[in-house]
Each structure stands twice: as C-alpha cells, then as structure tokens.
Amino acid sequence: MEFKELFNLARVPSILLLGAVYVAYVLIGGVIFWQLEGPLGKRDFIHMIKQRDSLLHKYTCLNPESLYEVATVRHNCDTRNALTLEVDKLENKIQQFALLRQVIQDASKAGLTLQNNHTTDGFWKFTSSAVFAATVVTTIGYGNISPQSTGGQIFCVFFALFGIPLNIVVLNRVGKYMLAFERNISDFLESKKIGKKIWMRFFVHLISYLTGMVLFFVVPMLVFQTQEGWTYSEALYYCFISLSTIGFGDFVAYSNPDIYYPDWYSILTACWIFFGLAWLAQVINHSIDIVERLNNYLKNKIFRGKKTEEETASGAGDNPETQVEEEDDRPSEHK
C-alpha cells in the first residue's frame, strides 16, 4: 500500500464537512447564549456591587478582601482557631451575615469578582459562552453555571436536543477515522515487510494510546496546573472527569473570576475537550472491535465443535449394519 493511500479509506472530506457543521453549531449556540445571558449577568453584577458597597459602608471593619475570608470560612466544632472565633463574634454583631455570604456565592456562581471595582462580563462572554455550549452538547455539564433567563433555558433545551445527537455522530465518525488511519498505517508497514501482522497492529495501537495519553492527559495537566494554580493530581483528576463526561463541577477550567486568562486558553480548552472526546471514542471503538472479534472467535470455535459432533452422529447413522436393521424393521408391502 502506498503512503498516499493511507487516507483513502477515511473519507476525509465528509469528516471535514461534518466537523465544520459541528463547530459552527457550537459557535452559534455560544453567541446566542452570550446574547441571552450576557445582559442579565451585567445587571446582576451591578446589583451585587451595590450590595457590597452597602455592606462595606455599614460595617467599616470589612474590606473587599475580607469579604471572601468571611464568606468562605469553614467552622469546625472540635478545633477552632483564632480566626474562627473572631468570625463567630462578627456573626453575632452582623445581622446580615447570611446576606453577605449569599452575595459572595452568587457572584462566584456568575463568574464575577467583588474584590475590585472594575466591571466584568463574568462567565457570559463570547469565549466562555462557546465553551459552555460545548459542555452542553458533550453532556459534560459541570454545573458551575447555567442559564438564568427564561429564553436561555428554553434555548438550552432545544440546543441540547439537536446538539447531543450531532456530537455523538461526529465523535463516532472521528473515532472510526482514527481507527481506520491506524489500520492503514499497520497495512502500510506490513507491505514493507517490516514485521508480522499481529505484532505490527499491536505496536501501532500501543503508540496511538501512549500518544493520546500524553496529548490529552499529561500536557493538559501541565497547562491547567500553570493557569489554574491546581496541583498536578487535581489537574489530572479534572482531565479524566471532563473527558469521561462525568463532570462533577468541583474543578472547572476557565471559571475563576480572579484569574486573568489569555485569549488562547478558552480555544485550547474547547479543542482539548473535542479531540479528547474523539480520542476516547476511538479507544471505545477499538475496544468494541476487540470484543466483537473475540465474540466471533468464540462463536466459530463453539460452532465448529457442534458441527463436529453432528458429523460424528451422522456418520454413525450411515453405518451399513444400522441401515440393514432399519430395513428389517420396515413392514413388508402387500401386492
């Protein structure tokens, strides 16, 4: 097989067309989410800023930095340090502590920061809205943000209704393309008499798996550790939870309002999600292929065993002595 024939069985143009439709669908969905939820997020931000300023004006002992310390403090009945005791005293004095905590939590959920006075778009800007649209169709669903407007919620239903089947088709097609590409490489190497067929296929699949592990787990782990400030174990945990579409939401990239993210980060995250899921689909397709081959092998082996038994039984029935006995047992015909 010639090297230029490696791509022939993969039908690249159809995959590219399907991929273009998929990307356009996600981007259009991101724009619509941005337009539907963006103005609401800005109104929420203005309302939260007013609440924060009111609390800071009424309680001069607080500052913007201490808001998060008060709102995120964890109480432990057994071991309480000095900070916890001070917070207990503060809770007794401030009757609106529950409101303070709710303001901070609402701001965090909306992707807004109240530590500074500058305005922000929160989660609902174009890049993050496109990433949100991608998490909807891929069914990851972190749960850190969700549409709050009626129009956004209704649109999300229909967007997912058509987007999820499209995502399944695209990932399945790309996974099959990757698997076909691996087989074509194996056939190409076998045609060059480089090695035995079974070992060559095993070697190609092994290289593919190791490459996928590096591209979709090791490299993203390093990037997330650098950009998000997570530990390596947390970054690796996030990679697996995301690509397996479990999506707990305890760790979410590109969601900390107090971190400045570069423009390329959201694009890299979206590409990582898509190609990582495609690679995982390829692994699943290959696993299914192995199971089907094993099932066919076992079926053929069992069928051959039954066929041998039937041939043995039929051979005994063709014995001449048995035929004579059968003829003797037949009743004689009367003329």
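Here the residue numbering is sequential within each chain, running from 1 through the sequence in written order. Reporting in this predicted model follows two pLDDT cut-offs: at least 70 for local features of residues, and 80 or more for side-chain atom pairs to be given and counted; totals over whole chains, interfaces and linings ignore these cut-offs and use all residues. The side-chain values count all of the structure's non-hydrogen atoms but skip hydrogen atoms and water molecules.

### A short note on the packing of aromatic side chains
Consideration 1: Stacked, tilted and edge-to-face are the three classes applied to pairs of Phe, Tyr and Trp rings, where Trp contributes its six-membered ring and a pair requires centres within 6.5 Å; stacked means planes under 30 degrees apart, edge-to-face means over 60, and tilted covers the rest. Within this structure, the stated rule accounts for 26 aromatic pairs.
Consideration 2: A ring pair is formed by Phe33 and Phe155, whose centres lie 5.0 Å apart and whose planes are at 70°; its orientation type is edge-to-face. One end of the pair, Phe33, is in helix α1 (residues 12-58); the other, Phe155, is in helix α6 (residues 150-191), and 122 residues separate them in sequence.
Consideration 3: When its relative accessible area of 0% is taken as the criterion, Phe33 is described as buried.
Consideration 4: The classification of residues rests on relative accessible area computed with a 1.4 Å probe and restricted to protein chains. Under 20% of the type maximum is buried, over 50% is exposed, and intermediate values are partly exposed. Take Phe155: its relative accessible area is 21%, and that puts it in the partly exposed class.
Consideration 5: Ring centres of Phe216 and Trp279 lie 5.7 Å apart, and the angle between their planes is 35°; this geometry places the pair in the tilted category. A helix here means a DSSP run of H or I that spans at least four residues, while a strand means a run of E at least two residues long, and both kinds are numbered starting from the N terminus.

### Notes on the nonpolar core
Consideration 1: Definition of nonpolar core: a set of buried residues of the types Ala, Val, Leu, Ile, Met, Phe, Trp, Tyr and Cys, connected through side-chain atoms within 4.5 Å. Counting 43 residues, the largest nonpolar core has Tyr22, Phe33, Val170, Phe224, Tyr238 and Trp272 as the members making the most contacts within it.
Consideration 2: Mapped onto this core, the elements with two or more residues apiece are α1, α5 (126-137), α6, α7 (197-228), α8 (232-243) and α9 (263-317).
Consideration 3: At nine residues, α9 tops the list of elements feeding residues into this core.
Consideration 4: In what follows, residue pairs with any heavy atoms lying within 4.5 Å of each other are defined as contacts. Setting aside anything within four residues of it in sequence, one finds Tyr22 in contact with Val137, Thr138, Leu166, Asn167, Val170 and Phe274.

### What about the packing of α5 against α6?
The description of two packed helices rests on the angle between their axes and on the distance between the axes.
Consideration 1: For helices, the fitted line uses only the C-alpha atoms of the stretch in contact; every axis is such a line through C-alpha atoms, and the angle between N-to-C directions lies from 0 to 180 degrees. Contact geometry for α5 and α6: axes closest at 8 Å, N-to-C directions at 65°. Two secondary-structure elements touch here, α5 through Ala133, Val136 and Val137 and α6 through Cys156, Phe159, Ala160, Gly163, Ile164 and Asn167.
Consideration 2: Within the contact of α5 with α6, the residues separate by chemical class into seven nonpolar, two polar and no charged. Classification convention: Asp, Glu, Lys, Arg as charged; Ala, Val, Leu, Ile, Met, Phe, Trp, Tyr, Cys, Pro as nonpolar; all other residues, Gly among them, as polar.

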